[in-house]
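The residues making up each chain are set out below.
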Amino acid sequence: MHSLSEEKRNLVLLYYFLHLSDEEISQRLIVPRRTVHYRRTSALKRLKRFLEEHARMG
């Protein structure tokens, strides 16, 4: 999670740990829902790449 920006880390936490929808997150952060979705999915892709790279090293 530390490989993500604070903004993207917060989106992932709000979505997966607080179980908020993209719409609920967008209302709290005052950004468009599509922006929330895009940033959240890009954060997950980055995490996936990070984990895959470190799994090969370990």
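Anything mentioned here points back to the structure above.
No experiment lies behind these values; they were computed from the predicted model shown.

Visitor: Sorry if this is basic, but what is going on with helix 2 (residues 22-29) here?
Guide: Given 3.6 residues per turn, any residue in an α-helix points the same way as the ones three and four places further on. Taken as a whole, helix 2 has its buried residues at D22, I25 and S26. End-on view of helix 2: buried residues confined to an arc of 100 degrees, all on one side of the axis. Counted as exposed and oriented over 90 degrees from the buried face of helix 2: Q27 and R28. On its buried face, helix 2 sits against helix 1 (6-16) and helix 3 (33-57). The positive-phi residue at the C-terminal boundary of helix 2 is I30, with phi of around 55 degrees.

Visitor: What exactly am I supposed to notice about the packing of helix 2 against helix 3 here?
Guide: Think of two packed helices as two axes; the pair is described by the angle between the axes and how far apart they sit. Helix 3 packs onto helix 2 with a crossing angle of 110 degrees between their chain directions and a minimal axis gap of 8 Å. For the element pair helix 2 / helix 3, the angle class is roughly perpendicular. Taking contact as the criterion, the partners of D22, E23, I25 and S26 in helix 2 are, on helix 3, R33, V36, H37 and R40. By residue class, the composition of the contact of helix 2 with helix 3 is two nonpolar, two polar and four charged.

Visitor: Honestly, the packing of aromatic side chains in this entry has me stumped. Any pointers?
Guide: The way to describe two aromatic rings as a pair is by their centre distance and the angle between their planes. For the structure shown, the criterion picks out one aromatic pair. Look at Y15 and Y16: their rings are 4.8 Å apart centre to centre, the planes differ by 75 degrees, and that puts the pair in the edge-to-face class. A relative accessible area of 26% means that Y15 is categorised as partly exposed. Here Y16 falls in the partly exposed class, since its relative accessible area comes to 38%. Sitting over the face of the ring of Y15, R40 holds its NZ or CZ atom 3.8 Å from the ring centroid.

Visitor: Even after reading the chapter, I still don't get the nonpolar core, so can you show me in this structure?
Guide: Soluble, globular proteins show a tendency: their nonpolar side chains are buried together. With five residues, the main nonpolar core is built from L11, L14, L20, I25 and V36. Sequence-distant contacts of L14, defined by excluding residues within four places in its chain, comprise H19, L20, I25 and L29.

So, how was this worked out
Residues numbered from 1 in each chain as written. Predicted model: local features only at pLDDT ≥ 70, side-chain atom pairs only at ≥ 80, totals over all residues. Heavy atoms only, no water. Buried < 20%, exposed > 50% of the residue type's maximum accessible area, 1.4 Å probe, protein only. Helix = DSSP H or I, 4+ residues; strand = E, 2+ residues; numbered from the N terminus. Arc of directions from axis to C-beta. Contact = heavy atoms within 4.5 Å. Axes fitted to C-alpha atoms, helices over the stretch in contact; angles between N-to-C directions. Parallel < 35°, antiparallel > 145°, perpendicular 65-115°, else oblique. Nonpolar A, V, L, I, M, F, W, Y, C, P; charged D, E, K, R; others polar. Phe/Tyr/Trp six-rings, centres within 6.5 Å; stacked < 30°, edge-to-face > 60°. Lys NZ or Arg CZ within 6 Å of the ring centre and 35° of its normal. Core = buried A, V, L, I, M, F, W, Y, C linked by side-chain atoms within 4.5 Å.

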